[in-house]
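This is what each chain is made of:
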Amino acid sequence: MAERFQTPLYVYSADQMIERLGLFQQALANRRHLVCYAVKANSALAILKVLAEHGAGFDIVSGGELARLQAAAPEAVGRVVFSGAGKTIDEIDQALEAGILAFNVESEAELGLLASRAARRKRKARFSLRVNPDVFAETHPYISTGLREHKFGIDIRQARRIYVEAARSRWLAAHGVSVHIGSQIRSAEPFGAAVARVAKLVRELEKDGIRLKTVDAGGGLGINYHLGEGESFDAQSVVGEYARAVENALTGLDVTLLLEPGRFLVAQAGVLLARVLYVKRNGKKTFVVTDAAMNDLIRPALYEAFHQIVPVAPRPGRAAPVDIVGPVCETGDFFARDRKFQPVEPGDLVAILDAGAYGMAQSSNYNTRPRPAEVLVRGAELKLIRRRETIADLFAPEIL
Ligand SMILES: *Cc1c(COP(=O)(O)O)cnc(C)c1O
C-alpha cells in the first residue's frame, strides 16, 4: 500500500468497524436501540456509507457533517441526531429540511430558535434536551464534558421546567433526552451514573404528562491505547459491561436507547503509515524523523495522547529510546518521546496504531502539507477512499 499510494497514508479496516458496531447492536438486542456513530471521529464518506449499510444511525455536530451523510447515505438521514452547542440558523434549517430524527438541544436559546424555525416551515421539530448530569468522568480535561462548569448541555435541574414550557409550543415535540459526559472514558460506572440521573428525569416528566421516547446515553467509551506486546483488547466484554451499566439504569423504562460511540468504532480500525526520512542524533538523544507529522495526526501534540508505533518490517537489534517526530516546525510535533524502539533506517515504514479516530478528522494543512490519502480495506479488497491532496488543492480557495 505504501508503494502504491505513498506515505503518509491512513489505512482502515472496514471489517473491524462493522464488527465493533455489531458488538453494540448485539449487546442491546433486548431493547429497542439505535447506535448513532459520532461522525466527527472519522467522517470519511466511504466509512459513513459502510456503517449506514450495517444499520448505524449518526450523531452529527455541524451542517457539514449532515451534508456528508446526505451524500454518502441519504437513506440514513432519518437516523441522525444533531448535537452541538452552537448550531446556526442555516444548520437548523438544513436539518429540518432533511428530516433528521432529533435535535440534541443544548440551551434554552437554541430551543427557542428551533421553535421559530420550525414554525416558519409549519412542521414540528423533534428535540431532546442534552442535559448536564454533573457526573465526573476520569479523562483528559479537554475531553471531559459532563460537569456544570463545562460549556455543554443544560443543567439537569432546569430540564424539567424547560420540557414543561416546551410542551406549550405547537412547533416543538419532546422526543427524548440526551447526555454525553466526555470521551476516552475507560470505566462503565460514570455512564451508568449519568443515565440513572436521566432516568429519574424521564420518570418525573411522566408525572407531568410528558412521555419521552428516547434516552441518548452519548458516546465516550474509551479504548486501551497502551496495550503491551502480546496483550489483547477484549472489545466484546468492554461493550458488554458498558451496555449492562446503561441498561440497568433504564430498568422499567419503555424507551429506545440511543448511543453515540465514535472512537470505539473506528480508532483501532486505523493506522497511519509513515516512512522514516532520517535518524539523527543530538547529544544523547536519537530522533526518528518520519514523513508524517502533527498536521496528519495531532492527538499527541493536543492531548499528549499515546499511540503505539511499530516498525512494519522489524530489524534485528536492541531496542533503544528514541523520539519519533515529524518535519513540522514545532517542538510539539512528536508521535512518541523517549520510547524504546527497534532500530530503524531511512526508508523503513512505521505504523502508528489506533489512529482511526480523531486522526484524519483533525488533520490540517499546517506548513502547507497536503493531507494524506486514505485506504479502506474490506476483506481482501483495497479501496482508495480519498486521494492524496495536491498543492493545487491547497491553493484553490486562495485569491492572489
Ligand atoms: C464527541 C462526541 C461523541 C463521540 O465521542 P467518542 O469519545 O468518540 O465516543 C458523541 N456524542 C457527542 C455529543 C460528542 O460530542
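Each chain carries its own residue numbering, running from 1 in the direction its sequence is written. Whole-chain, interface and lining totals are the exception, using all residues; otherwise, since this is a predicted model, local features are given only for residues with pLDDT of at least 70 and side-chain atom pairs are given and counted only at 80 or more. The side-chain numbers reported here are obtained from all heavy atoms of the structure, hydrogens and water having been left aside.

Student: What is the right way to read the domain arrangement of the chain from this model?
Tutor: Many authors give the size of an interface as the accessible area that is lost as the parts come together. The domain boundaries here were taken from an automatic or database domain assignment. According to the domain assignment, the chain consists of domain 1 (3-7 + 268-388) and domain 2 (14-266). Domain 1 and domain 2 are separated by 32 Å when their C-alpha centres are compared. Each side of the interface is counted separately: domain 1 has 20 residues, and domain 2 has 27 residues. Take the accessible area each of two parts loses on contact, using a 1.4 Å probe, and add the two losses: that sum is the buried area. Around 2100 Å² of area is buried between domain 1 and domain 2 when both sides are counted, 53% of it from carbon and sulfur atoms. Two residues qualify as a contact provided that any one of their heavy atoms is within 4.5 Å of a heavy atom in the partner residue.

Student: What exactly am I supposed to notice about the pattern of salt bridges here?
Tutor: Close approach of charged atoms lets side chains of opposite charge pair. Each salt bridge in this description consists of a side-chain nitrogen of Lys or Arg and a carboxyl oxygen of Asp or Glu lying within 4 Å of one another. Throughout the structure, instances matching the rule amount to 22 salt bridges. A salt bridge links Asp93 to Arg117; the nearest nitrogen and oxygen atoms lie 2.8 Å apart. On the criterion of sequence distance, the pair formed by Asp93 in helix α5 (residues 89-98) and Arg117 in helix α6 (residues 108-121) is long-range, its members being 24 residues apart. Burial classes: relative accessible area under 20% of the type maximum marks a residue as buried, over 50% as exposed, and values in between as partly exposed (1.4 Å probe, protein chains only). Among the residues examined, Asp93 registers a relative accessible area of 17% and is labelled buried. Taking the relative accessible area as the measure of exposure, Arg117 reaches 14% and is therefore buried. Numbered from the N terminus, helices here are DSSP runs of H or I no shorter than four residues, and strands are runs of E no shorter than two.

Student: I'm lost on the site of the ligand in this one. Help?
Tutor: Throughout this document, a residue counts as near a molecule or strand when at least one of its heavy atoms sits within 4 Å of that molecule or strand. Around the ligand sit 15 residues in total, of which Lys40, Ser183, Glu260, Arg263 and Tyr358 are the nearest. In protein, a polar contact requires one atom able to donate a hydrogen and another able to accept it; more generally it is a pair of N or O atoms within 3.5 Å, and residues adjacent in sequence count only if both atoms are side-chain atoms. Here an oxygen atom of the ligand sits 2.8 Å away from a polar atom, N or O, in the main chain of Gly220. Only the protein chains shown count as cover for residues, with accessible areas throughout obtained via the Shrake-Rupley method and a probe of 1.4 Å. Calculation on the ligand without its partners gives an accessible area of 390 Å², and the protein chains cover 94% of this total. Considering only residue class, the shell around the ligand consists of three nonpolar, seven polar and five charged. Note that Gly is not counted as nonpolar here; it falls among the polar residues with everything else outside the nonpolar set of Ala, Val, Leu, Ile, Met, Phe, Trp, Tyr, Cys and Pro and the charged set of Asp, Glu, Lys and Arg.

Student: Explain helix α3 (residues 45-53) to me, please; I cannot follow it from the model alone.
Tutor: Think of an α-helix as 3.6 residues a turn; residues three or four steps apart then line up on the same face. All buried positions along α3 are accounted for by Ala46, Ile47, Leu48, Val50, Leu51 and Ala52. Looking one or two places after α3, you find Gly55, whose phi comes out positive at around 90°.

Student: What exactly am I supposed to notice about the environment of Ala267 here?
Tutor: Tracing the backbone through its elements, the reader meets Ala267 in the loop between α10 (263-266) and β11 (270-282). For the pair Ala267 and Asp323, spaced 56 residues apart in sequence, the C-alpha separation works out to 23 Å. Excluding residues that lie within four positions of it along the chain, Ala267 makes contacts with Ile223, Tyr225, Asp354, Ala355, Gly356 and Ala357.

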